[in-house]
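Fold and contact review
Listed here are the chains, written in short residue letters.
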Amino acid sequence: MSAVVQDPQLIEASPPLVQGSRDLHDLTDQISSVVEAKVWETPLKYWITLVCTGSIVLLLGAMLTYLVATGIGVWGNNRPVGWAWDITNFVFWIGIGHAGTLISAILFLFRQKWRTSINRSAEAMTLFAVMCAGIFPLFHTGRPWRAFYWLFPIPNTDLNIWQNFRSPLIWDVFAVSTYFTVSLLFWFTGLVPDLASLRDRATSKVRQVVFGILSLGWRGSARHWRHYEQAYLILAGISTPLVLSVHSVVSFDFATSVIPGWHTTIFPPYFVAGAIFSGFACVMTLLLIARWTLNLQNLITIKHLDNMNKIILVTGSVVGYAYCTEFFIAWYSGNIYERFTFLNRAFGPYWWAAWSMYSCNVFIPQLYWFRKMRTNLWVMFIISITTNIGMWFERFVIIATSLTRDFLPSSWGYFSPTWVDICTFIGTIGLFLTLFLLFARFLPMIAMSEVKGVASHEKHSFAGQAEGSISHR
Amino acid sequence: MSHTSDPSVLIAQIKDKLGIGADKIYGVIGDFAEPEDLVKAGRAIREMGYTKIDAMSPFPVHGIDEAIGVPYSKIGWIAICGAIAGIVTAQVLIYYVGKINYPLIIGGKPLFDFTYSIPPTFELGVLFTAITTFLCTWGLSGLPRLYHPSMNYRNFHRGSDDRFLLVVEADDPKFDAQKTAQDMRSVGAGDVEVVEG
């Protein structure tokens, strides 16, 4: 790994985004070879990892079965913490999902070409994270097969109920399900040209048929591309306000209540910044693993990682600023409940969770001010994980500290998760990793058609520069 | 279509409609190594008077649309209709549920109010726009269509890999297999082939 850190590309003023394979055919080969490899050609470490994560999915299945068979009492939700572990996990996973759309939509609109090697996997990660998030609200109803009538406005004759649109909880249902659907359509739209490439390369009948159907008969005609590019722009344009709305709506669940520590107007931007922060960290973790196991150093370069670390630094600092503002407003408001909540948060029974959150989210990412830290693979791997630990604690701290000690001291309590709570959360991590591993092996993880566009553009604009830099040294 | 139940006759009729079959000619296809060459050649072919021109490339080539005369996509207008449909649906749904079908006073809030309907309205607007755009992307491109005569071109598979293909279709009034193939070669196309339907 250190050989990559020493890469001469770092010395160049503006290193190319695609290295090694300047030839378009090489690029197709490099990306498709992962998908086209025979079972025994894929590294053994991949299959071992898949078996490990797959067995964690079985744990999730067992926990959910146990929950449905027994009742939601097996989770630790109880007075005074009715929103406990499950809402923490829901907000955590939804937050992780935000980076995908940010990379694919917002960076697209800002013409950030470096996004092309990472957007596909970030979008896939979004889908998997939202699936994991959905498990918690769905199963906390206890009867998930009936939940569709409770969650969605579907006319029903046996229950005779409608949703209450004055409640932010139903806004949340709309926001999250829209987010999932739009992310799925966006992701699939991006996949179609690459699926067509795989179809055209397929040698076996099965692959031809499967990729033939999935690619919808795409043939890269100019008449296709003109609609495609326009559609991609529209999807990016509507995804941008969508991604900002989703976590804002999630934060409304808290902010529209009167609980001290929740009832603040800073929640929407603060939640969105935290979501992007945790999402980028999660993309970083997965990309570093994929880059190492599938040898993608030429496509996911240090430059990409450096750029992502800069975004982590910015959003981490925004989150730190939001923490400071919360404390300031708690003091400045003169509201004794608000003041107590924040002192209790930092120095009360959950002090350990609060200080884990401050350290992981605000202090540790400050290392990224140094270029050496932003380009060191081990440092970024560790920080990407501590960031997500910190962001999980942020949600836990917000929920647990405010609910365990609110207005009435006689109803104070302390929340501890049950073993089912813990195993269900671990199970969703297993599901997330399994889905990502399957994606990385069976679908093109890097958007070939987009990278080719960038590579072809660079070949012409960098041709002169490359010669210059050689003579310069 | 006639009232025959013989599947082979039906298939023949459908094939005839789609312009598919060994007896038909789809057009002339040639390939290029660089996107710039494709644009240049496309413009040259168009200047010769051809009108039914198409290009196939592994990524969108900029400038090809105007070079071969592909009109600008109107998908944006359809997307706006999708957005309006979503907004109207959400407003009607929330009004109907809250005020007409299931009126319940909760927290002293009005049965319908514009302000609290904003988040679901926004989300449905986005959802309908996305679904409309998605369906129109394929619908307007004539997809899904799993078979297309251009797939008979011997280098078709490289059109999604690293080559840039230029097509003159047989229904072009100026089309003549020999002459068009000659013209293709004259603008620098490699591997020119008269492709059967």
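Residues numbered from 1 in each chain as written. Chains lettered and ligands numbered in written order. Predicted model: local features only at pLDDT ≥ 70, side-chain atom pairs only at ≥ 80, totals over all residues.

**Structural notes on the overall build of chain A**
Heads up, the condition is: Under the DSSP-based scheme used, a helix requires at least four consecutive residues in state H or I and a strand at least two consecutive residues in state E, with every element numbered from the N terminus. We compute the radius of gyration over the C-alpha atoms and compare it with the globule rule, which gives 2.2 Å times the number of residues raised to the power 0.38. With C-beta atoms placed from the backbone, a residue is labelled by how many other C-beta atoms lie within 10 Å of its own: buried for 20 or more, exposed for 12 or fewer, partly exposed between the two. Note that contacts rest on C-beta atoms placed from the backbone: two residues are in contact if these are within 7 Å.
A count of helices and strands for chain A gives 17 helices and zero strands. Relative to the globule expectation of 23 Å for 473 residues, the C-alpha radius of gyration of chain A, 24 Å, shows essentially globular dimensions. Residues counted as buried form 48% of the 473 residues belonging to chain A. Across chain A, contacts joining residues at least 24 apart in sequence account for 81% of those joining residues at least 6 apart.

**So, the overall build of chain B**
Tallying secondary structure elements over chain B gives six helices and four strands in all. The C-alpha atoms of chain B give 25 Å as radius of gyration, which overshoots the globular expectation for 197 residues (16 Å, by more than 25%). In terms of principal-axis extent, the alpha carbons of chain B reach across some 80 × 50 × 30 Å. Put simply, chain B has 197 residues, and 40% of those count as buried. Here the analysis covers contacts within chain B between residues at least 6 apart in sequence; of these, 76% occur between residues at least 24 apart.

**Thoughts on the sheet that holds strand β4 (residues 190–196) of chain B**
All names here are of chain B. We count it as follows: Here, a strand pair is defined by DSSP locating no fewer than two bridges between the strands. Fitted lines through C-alpha atoms give the axes, limited to the stretch in contact for helices. The angle between two N-to-C directions lies from 0 to 180 degrees.
Spatially, the four strands line up as an open sheet ordered β2-β3-β1-β4, and their pairing is antiparallel. Edge strands, defined here as strands with exactly one partner in the open sheet, are β2 (53–56) and β4. Shown here is a sheet whose adjacent strand axes are inclined to one another by a mean of 20°, direction ignored. Note: strand β1 (residues 25–32) against strand β3 (residues 164–169), six bridges, orientation antiparallel. Within the sheet, the bridge partner assigned to Ile-29 lies in β3 and is Val-167. Sitting on the sheet, helix α2 (residues 35–47) touches β1, β2 and β3, and the angle it makes with β3 is about 15°.

**A look at the interface of chain A and chain B**
Taken together, the contact pairs 51 residues of chain A with 54 residues of chain B. For the side of chain A that touches chain B, the secondary structure elements donating two or more residues are α2 (24–36), α7 (168–201), α8 (205–214), α9 (222–255) and α17 (448–472) of chain A. It is α9(A) that contributes the most residues to the side of chain A that touches chain B, 16 residues altogether.

**Quick notes on the environment of A:Thr434**
Residues and elements named next belong to chain A. Note that Thr-434 resides in helix α16 (residues 419–442). Taking the C-beta count within 10 Å as the criterion, Thr-434 has 21 such neighbours and is therefore assigned buried. Sequence separation between Thr-434 and Ile-399 is 35 residues, and the spatial gap between their C-alpha atoms is 29 Å. Beyond its immediate stretch of four places on either side in the chain, Thr-434 contacts Leu-50, Thr-53, Gly-54 and Val-57.

**Brief notes about the nonpolar core**
Convention followed: By definition, a nonpolar core groups buried Ala, Val, Leu, Ile, Met, Phe, Trp, Tyr and Cys residues that connect through C-beta atoms lying within 7 Å of each other. In this entry, domain limits derive from an automatic or database-based domain assignment.
Core analysis: the largest hydrophobic core is formed by 174 residues, its most contacted members being A:Phe280, A:Val283, A:Phe436, B:Ala55 and B:Leu166. For this core, the element with the most residues is α7(A), which contributes 17 residues. Each of domain 1 (25–69 + 149–196) and domain 2 (75–140) of chain B accounts for three or more of the residues forming this core. Apart from the residues within four sequence positions on either side, B:Leu166 is in contact with B:Gly30, B:Phe32, B:Leu38, B:Ala41, B:Gly42, B:Ile45, B:Ala55, B:Met184 and B:Ala189.

**A closer look at the packing of α9(A) against helix α4 (residues 75–101) of chain B**
Working note: a packed helix pair is described by the angle between its axes plus the distance between those axes. Operational definition: The sense of a crossing depends on the near helix, which, turned anticlockwise from the far helix by less than a right angle, makes the crossing left-handed and, turned clockwise, makes it right-handed. The residue classification treats Ala, Val, Leu, Ile, Met, Phe, Trp, Tyr, Cys and Pro as nonpolar and Asp, Glu, Lys and Arg as charged. All others, Gly included, are polar.
One can describe the packing of α9(A) onto α4(B) by two numbers: an axis separation of 9 Å at closest approach and a directional angle of 40°. α4(B) is crossed by α9(A), and the crossing has right-handed handedness. Judged by residue contacts, A:His227, A:Gln230, A:Ala231 and A:Ile234 of α9(A) engage B:Ile75, B:Gly76 and B:Ala79 from α4(B). Broken down by class, the residue content of the contact of α9(A) with α4(B) amounts to four nonpolar, three polar and no charged.

**Focus on the packing of helix α10 (residues 267–293) of chain A against helix α15 (residues 377–404) of chain A**
All names here are of chain A. What counts is decided by this rule: These descriptions rest on fixed angle ranges, namely under 35 degrees for roughly parallel, over 145 for roughly antiparallel, 65 to 115 for roughly perpendicular, and the rest for oblique.
Here α10 crosses α15 at 140°, and the two axes come no closer than 8 Å. Relative to α15, α10 is oriented oblique. Of the two elements, α10 crosses α15, and the hand of that crossing is left-handed. Within the contact between the two elements, α10 uses Gly-274, Phe-277, Ser-278, Ala-281, Cys-282, Met-284, Thr-285 and Leu-288 and α15 uses Leu-377, Met-380, Phe-381, Ser-384, Ile-385, Thr-387, Asn-388, Met-391 and Glu-394.

**Section: the domain arrangement of chain B**
Interface extent is often summarised as the accessible area lost during association of the parts. Each domain of chain B was delimited in the assignment, giving domain 1 (25–69 + 149–196) and domain 2 (75–140). One C-alpha centre belongs to domain 1 of chain B, the other to domain 2 of chain B, and the line joining them spans 45 Å.

**Things to note about α10(A)**
Residue and element names in this part refer to chain A. Operational definition: Here, expected helix span is obtained from the residue count minus one, scaled by 1.5 Å.
Here α10 spans 39 Å end to end across 27 residues, near enough to the 39 Å set by a 1.5 Å rise per residue. Extensive coverage of α10 is indicated by the burial of 21 of its 27 residues. Note on α10: the residue one or two positions beyond its end, Asn-295, has a positive phi of about 55°.

**Comments concerning unusual backbone geometry**
The residue after A:Arg79, namely A:Pro80, is reached through a cis peptide bond having omega -5°. Here A:Pro80 is to be found in the loop between α3 (44–70) and α4 (85–109). The omega torsion across B:Leu143 and B:Pro144 is -5°, close enough to zero to call that bond cis. Here B:Pro144 lies in the loop between α5 (118–140) and β3. Although it is not a glycine, A:Leu216 adopts a positive phi angle of roughly 60°. Looking at the secondary structure, you find A:Leu216 in the loop between α8 and α9.

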